[in-house]
Amino acid sequence: DRAKERAKELLARHDAVLVAHYYVDGDIQDLALETGGCVADSLEMARFGRDHPAKTLVVAGVRFMGETAKILSPDKRVLMPDLDATCSLDLGCPPDEFAAFCDAHPDRKVVVYANTSAAVKARADWMVTSSCALAIVSHLKAQGDKILWAPDRHLGRYIQEQTGADMLMWNGACIVHDEFKGLELELLRKEHPGALVLVHPESPRSVVEQADVVGSTSQLLNAVISSQAQEFIVATDNGILHRMRQLAPGKTLLEAPTAGRSATCKSCAHCPWMAMNALQGVVACLETGVGEITVPEPTRSQALGCIERMLDFVA
Ligand code: MLT
């Protein structure tokens with residue numbers, strides 16, 4: 001716990017606040033909450049960072065989350081515990097190929113998931129996160145817009161099926177959610193017939209089809225807190241279980257099965273990049289200033305538009 005105490009000292013000394021995602025390790029989530037920071041999904045992280053008066057934001061998550069914070073708060077210093085923490089969705093959507101895709105379909109509104117680089121956002125009309133994507137796409141459909149969607153094909157398909165919108169999809173996936181398996185989930189449900197099945201929409205269709213609740217991390221967390229059920233099967237990154245256990249003590253949480261299960265790792269549903277965030281990294285970035293996020297102009301101002309459009313929509 002020396003690292004934790006040191007991190008607390010440094011956060012206070014540097015007028016810094018820790019903004020953490022639900023998928024990072026529990027000790028960092030706890031540090032954020034104990035020091036006036038937040039533990040949240042991408043949407044809330046963006047809002048919290050923008051509205052907080054601290055001079056420095058320490059963003060514990062993956063790179064696009066730090067970039068979004070910097071785009072919204074160019075005058076704040078944004079640090080990350082490990083700049084190599086990236087995201088398979090972001091990696092799978094290179095800005096130049098994405099620009100060519102957009103150029104080929106100029107009649108479509110470009111809607112991108114938060115899990116993309118600043119350069120991809122710079123080409124987009126709208127950014128969405130999993131907690132507001134359905135509402136925003138429904139709104140665009142009602143306006144008669146056709147959509148170019150990137151990068152998560154599972155989330156895109158789910159939204160397309162729910163809204164009936166005309167969506168042309170990029171072919172990306174999250175390496176964590178893509179591994180949840182429908183057949184194994186069926187077997188687990190048979191062993192636990194009373195369990196409520198909570199599924200993140202980045203999961204394959206065979207898994208989403210078995211869900212009692214489909215939603216973002218914050219929506220799945222709310223389902224655990226507010227439901228009468230005592231037992232839940234959770235199909236999203238298992239980092240969320242820490243907060244679920246804190247907010248719903250006594251409830252039983254089972255991880256949904258993934259491929260590659262073994263005796264020691266029944267689920268393996270944990271993002272390797274989220275796992276790079278460590279207390280030592282929080283200390284190091286505050287001590288030395290390494291891990292600072294920069295987003296060059298004009299990319300920053302171009303990317304700002306689609307993020308603000310989303311924030312205004314959900315306000
Ligand atoms: C996010 O928005 O942070 C990720 O999609 C995970 C989630 O909250 O659903």
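Use the structure listed above.
Predicted model only: the values in this text are computed from it and were never measured.

Calculation rules
Residues numbered from 1 in each chain as written. Predicted model: local features only at pLDDT ≥ 70, side-chain atom pairs only at ≥ 80, totals over all residues. Heavy atoms only, no water. Helix = DSSP H or I, 4+ residues; strand = E, 2+ residues; numbered from the N terminus. Rg over C-alpha atoms; globule rule 2.2 N^0.38 Å. Buried < 20%, exposed > 50% of the residue type's maximum accessible area, 1.4 Å probe, protein only. Contact = heavy atoms within 4.5 Å. Areas by Shrake-Rupley, 256 points an atom, 1.4 Å probe, with all protein chains shown as cover. Lys, Arg positive; Asp, Glu negative; His and termini not counted. Charge placed at Lys NZ, Arg CZ, Asp CG, Glu CD. Near = heavy atom within 4 Å. Polar contact = N/O pair within 3.5 Å; in protein donor to acceptor, adjacent residues only side chain to side chain. Nonpolar A, V, L, I, M, F, W, Y, C, P; charged D, E, K, R; others polar. Expected span 1.5 Å × (residues − 1). Bend = angle between axes of the 7 residues up to and from the residue. Axes fitted to C-alpha atoms, helices over the stretch in contact; angles between N-to-C directions. Parallel < 35°, antiparallel > 145°, perpendicular 65-115°, else oblique. Left-handed = near helix turned anticlockwise from the far one by under 90°. Arc of directions from axis to C-beta. Pairing = 2+ DSSP bridges.

Enquirer: I would appreciate a short explanation of the overall build of the protein chain in the present structure.
Expert: The helix and strand inventory of the protein chain stands at 15 helices and twelve strands. Computed over the C-alpha atoms, the radius of gyration of the protein chain is 19 Å, within 12% of the 20 Å expected from 2.2 N^0.38 for a compact globule of 315 residues. Taking the principal axes of its C-alpha atoms as reference, the protein chain extends roughly 55 × 50 × 35 Å. Burial statistics for the protein chain: of 315 residues in total, 56% are counted as buried. The contacts in the protein chain between residues at least 6 apart in sequence include a share of 63% that link residues at least 24 apart. For the protein chain, the accessible surface area stands at approximately 12,900 Å², while carbon and sulfur atoms represent 50% of it. Computing the positive centroid from 31 side-chain charges and the negative centroid from 41, the protein chain places the two 2 Å apart.

Enquirer: Looking at this structure, I do not really get the site of the ligand. What am I missing?
Expert: The full set of residues close to the ligand is His21, Tyr23, Asp41, Ser42, Tyr113, Thr129, Ser130, His200, Glu202, Ser216 and Thr217. Within the side chain of His200, a nitrogen or oxygen atom sits 2.5 Å from an oxygen atom of the ligand. In the environment of the ligand, an oxygen atom lies 2.4 Å from a nitrogen or oxygen atom belonging to the side chain of Thr217. Compared with its free state, where it exposes 260 Å², the ligand has 98% of that area covered by protein. Taken together, the residues of the shell around the ligand break down into two nonpolar, seven polar and two charged.

Enquirer: How do you make sense of helix H15 (residues 299–314) when you look at a structure like this?
Expert: Since the α-helix turns once every 3.6 residues, residues separated by three or four places project in the same direction. Across its 16 residues, H15 extends 24 Å between first and last C-alpha, which sits within 8% of the 22 Å expected from 1.5 Å per residue. Along H15, the sharpest kink reaches roughly 25°, centred on Gly305. Looking at H15, one finds that the buried residues are Thr299, Arg300, Ala303, Leu304, Cys306, Ile307, Met310 and Leu311.

Enquirer: Whenever I open this one, the side chain of Gln210 confuses me. Can you help?
Expert: Note on placement: Gln210 falls in the loop between helix H11 (205–208) and strand S10 (213–214). Among the polar contacts made by the side chain of Gln210, one reaches the main-chain carbonyl oxygen of Gly182 at a distance of 2.9 Å. Among the polar contacts listed, one links the side chain of Gln210 to the backbone oxygen of Ser206, at a separation of 3.1 Å. Leave out the neighbours within four places in its chain, and Gln210 touches Gly182, Leu185, Glu186, Arg189 and Val197.

Enquirer: Explanation requested: unusual backbone geometry in the structure shown.
Expert: Between Ala150 and Pro151 the backbone carries a cis peptide bond, its omega angle lying at -10°. In this structure, the amide linkage connecting Glu297 to the following residue, Pro298, adopts the cis form with an omega of 5°. With respect to the helices and strands, the residue Pro298 is situated in the loop between helix H14 (279–288) and H15. Phi is positive for Asp15, close to 50°, though the residue is something other than glycine. By the secondary structure assignment, Asp15 is in the loop between helix H1 (2–13) and strand S1 (16–21).

Enquirer: Honestly, the packing of helix H2 (residues 26–34) against helix H13 (residues 240–247) in this entry has me stumped. Any pointers?
Expert: A pair of packed helices can be characterised by two numbers: the angle between their axes and the separation between those axes. Two elements in contact, H2 and H13, have axes whose closest approach is 9 Å; the angle formed by their N-to-C orientations is 55°. With respect to H13, the axis of H2 lies oblique. For the crossing formed where H2 meets H13, the hand is right-handed. Contacts between H2 and H13 involve Gly26, Gln29, Asp30 and Leu33 from the former and His242, Arg243 and Gln246 from the latter. Partitioned by chemical class, the residues of the contact of H2 with H13 number one nonpolar, four polar and two charged.

Enquirer: How should H1 be read in this particular structure?
Expert: If you check H1, its first and last C-alpha atoms are 16 Å apart, about what twelve residues at 1.5 Å a residue would give, namely 16 Å. Listed as buried for H1 are Ala3, Lys4, Ala7, Leu10 and Leu11. Seen along its axis, H1 keeps its buried residues to an arc of 125°; they face one direction. Those residues of H1 that are exposed and aimed more than 90 degrees away from the buried face are Arg2, Ala12 and Arg13. Contacts made by the buried residues of H1 are with S1, H2, strand S3 (56–60) and H14. Once H1 finishes, Asp15 follows within two positions and takes phi at roughly 50°, a positive value.

Enquirer: Explanation requested: the environment of Ala118 in the structure shown.
Expert: Position of Ala118 among the secondary structure elements: in helix H7 (residues 118–121). Here Ala118 falls in the buried class, since its relative accessible area comes to 6%. Separated by 186 residues in sequence, Ala118 and Leu304 place their C-alpha atoms 8.9 Å apart. Apart from the residues lying within four places of it in its own chain, the contact partners of Ala118 are Glu67, Ile71, Val295, Thr299 and Ala303.

Enquirer: I keep staring at the sheet that holds S3 and nothing clicks. Help me out?
Expert: Paired through their backbone hydrogen bonds, the strands of a sheet run either parallel or antiparallel. Pairing is parallel in the open sheet, where four strands are placed in the order S2-S1-S3-S4. Edge positions in the sheet fall to strand S2 (38–40) and strand S4 (77–79), since each has one partner strand and no second. The sheet shows a mean angle of 20° between the axes of neighbouring strands, direction not considered. For S1 and S2, the ladder comprises three bridges, and the chain directions are parallel. Along S2, the bridge assignment pairs Ala20 with Val39. Each of S1, S2 and S3 touches H2; the most contacted strand, S1, lies at about 140° to it. In the packing of H14 onto the sheet, the strands contacted are S1, S3 and S4, and the crossing angle to S3 comes to about 155°.

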